Amino acid sequence: MFDGFQLEMIELPEATLRVRHGGSGSPLLLLHGHPRTHATWHRVAPILANYHTVVCPDLRGFGRSSIPGDTDDHAASSKRAKARDCIALMQHLGYDRFAIAGHDRGSYTAFRTAMDHPSAVTHLIVLDGVPILEALERCDARFATAWWHWFFFAQPGKPEQAINADPDAWYGGSAEQMGLEAYADYRAAIHDPRVIHGMIEDYRAGITIDRLHDAEDREAGSRIACPTMVLWSLRDDLEQLYGDVLEVWRPWTAASLQGKGLDCGHHMAEEAPEALATEILRFLEFS
């Protein structure tokens, strides 16, 4: 897994991140979603590394990276805080400007990094996500039924109790789908109660402080300054919830916007790695 990549624990000003990096060329930061670790990229990153320097961290609160401390406003688990980690990590590796891609919860950190640090982000790639504020303001019975976990995870204490009772039954997954080593890495994460809490805090931040940050940006007229690509899974539910996914993103972008659906389920890096890598490489080359 990740042949030719280096694995490090990198201490940053606000967090210590487990990071896998390799390849050569212009830098590309890949952010995983919930409940995965950076290992979800193991089929995609080696393809991209033929053309780019690829950096895959465990986000703070996930995998083997440090778990942020709790505060009433969940600020340490906010996407703004995780965006600061992204900037600090890439600067530590020698890069002041880089492309960034995020899947699922990682897409919110990627979005926030592009919004808060426009001079650092050359390209933004969003996988299976819309801005948190858009999701919450568009919430209807369909969203509440399909994405009920957003609201359950926002509750104090009970989500951790439910998940820790049987993490494998709660999250599922298999070695066949994920790959043997990636599955082992994922299971180690979901069987650590500290990691479960760190991941759930990401949702608590989402429903509160992250929503506020999005609202402040919209009020100020802030928009993404770099070329943006949005990809979504045709076997997941973004099209069912929002119809034209790009139209949801259009008010948030000041530069070029493109995107399409991929014929796969939600975990596209595991289910359609070649197709995903092809779209990413094409976007970075021609936009």
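None of the values given here were measured: they were computed from a predicted structure. Every chain is numbered on its own, with residues counted from 1 as its sequence reads. With pLDDT at 70 or above as the cut-off, local features in this predicted model cover only qualifying residues; side-chain atom pairs require 80 or more to be listed or tallied, and sums for whole chains, interfaces and linings still use all residues. Side-chain metrics in this entry use all non-hydrogen atoms of the structure; hydrogen atoms and water are not considered.

Novice: Break down the packing of aromatic side chains for me, citing the residues and quoting the values.
Specialist: Where two aromatic rings form a pair, the distance of their centres and the angle of their planes describe that pair. Planes of paired rings set the category: under 30 degrees apart is stacked, over 60 is edge-to-face and the rest tilted, where pairs are Phe, Tyr or Trp rings (Trp by its six-membered ring) whose centres lie within 6.5 Å. The tally for this structure, following the rule as stated, stands at 15 aromatic pairs. Judged by centre distance (6.2 Å) and plane angle (85 degrees), the rings of Tyr-108 and Trp-150 are edge-to-face. In this pair, Tyr-108 is assigned in helix 3 (residues 105-116) and Trp-150 in helix 6 (residues 149-153), connecting sequence segments 42 residues apart. Residues Tyr-108 and Trp-150 agree in their burial class; the two are buried. Here the aromatic cluster, defined as three or more aromatic residues joined through ring pairs, consists of Tyr-108, Phe-143, Trp-147, Trp-150 and Phe-151. Secondary structure is summarised from DSSP: a helix means a run of H or I of at least four residues, a strand means a run of E of at least two, and numbering begins at the N terminus for each. Exposed residues in this analysis have more than 50% of their type's maximum accessible area, buried residues have under 20%, and partly exposed residues fall in between, with area computed by a 1.4 Å probe over protein chains only.

Novice: Which residues make up the pairing of strand 2 (residues 16-23), and what are the values?
Specialist: Counting buried positions along strand 2 yields six of eight residues, so the element is predominantly enclosed. The pairing criterion is simple: DSSP has to find at least two bridges between the two strands. Bridging between strand 1 (residues 6-11) and strand 2 involves six bridges; their strand directions are antiparallel. Note on strand 2: the bridge partner recorded for Met-9 is Arg-18.

Novice: Give me the nonpolar core: which residues, what numbers.
Specialist: Generally speaking, soluble globular proteins have nonpolar side chains that are buried together. What we call a nonpolar core is a set of buried Ala, Val, Leu, Ile, Met, Phe, Trp, Tyr and Cys residues that are connected through their side-chain atoms within 4.5 Å. Ranked by size, the top nonpolar core spans 62 residues in total, and within it Leu-29, Ile-100, Trp-150 and Trp-249 carry the most contacts. Those residues within four positions of Trp-249 in sequence are excluded, and the remaining contacts are Phe-111, Val-126, Gly-129, Val-130, Pro-131, Ile-224, Val-230 and Leu-257. Ranked by size, the runner-up nonpolar core spans 28 residues in total, among them Leu-48, Leu-127, Leu-231 and Ile-280. Contact between two residues is taken to exist if any of their heavy atoms lie within 4.5 Å; hydrogens are not considered.

Novice: So, helix 3: which residues are in play, and what are the values?
Specialist: Helix length check: helix 3, at twelve residues, gives a terminal C-alpha distance of 17 Å against a target of 16 Å (1.5 Å per residue), a fit within 8%. Taken as a whole, helix 3 has its buried residues at Arg-105, Gly-106, Ser-107, Tyr-108, Thr-109, Ala-110, Phe-111, Arg-112, Thr-113, Ala-114 and Met-115. Here a helix's expected span is defined as the number of its residues, less one, multiplied by 1.5 Å.

Novice: Please set out the state of the cysteines residue by residue, giving values where relevant.
Specialist: A disulfide bridge is the covalent bond that connects two cysteines by way of their sulfur atoms. When two cysteine sulfur atoms are found within 2.5 Å, that pair is recorded as a disulfide. Taken as a whole, this structure holds zero disulfides when the rule is applied. The closest cysteine sulfur to the non-disulfide-bonded Cys-56 is located on Cys-86, 12 Å from its own sulfur. Between Cys-226, a free cysteine, and Cys-86, which holds the nearest cysteine sulfur, the sulfur-to-sulfur gap is 13 Å.

Novice: Give a description of the sheet that holds strand 5 (residues 98-103) that names residues and reports values.
Specialist: Pairing is mixed in the open sheet, where eight strands are placed in the order 1-2-4-3-5-6-7-8. If you trace the sheet from one side to the other, it starts and ends with strand 1 and strand 8 (257-262), each paired once. When strand polarity is set aside, the average angle formed by the axes of neighbouring strands in this sheet is 20 degrees. Summarising the sheet, strand 3 (residues 27-31) and strand 4 (residues 53-57) pair through three bridges and their orientation is parallel. Bridge pairing in strand 4 links Pro-27 to Thr-53. Helix axes are fitted to C-alpha atoms over the stretch in contact, other axes to C-alpha atoms as well, and angles between N-to-C directions run from 0 to 180 degrees. Against the sheet, helix 2 (residues 79-92) makes contact with strand 1, strand 2, strand 3, strand 4 and strand 5, and its axis sits at roughly 140 degrees relative to strand 3, the strand it touches most. Where helix 15 (residues 273-286) meets the sheet, its contacts fall on strand 3, strand 5, strand 6 (121-127), strand 7 (228-233) and strand 8, and the angle it forms with strand 6 comes to roughly 150 degrees.

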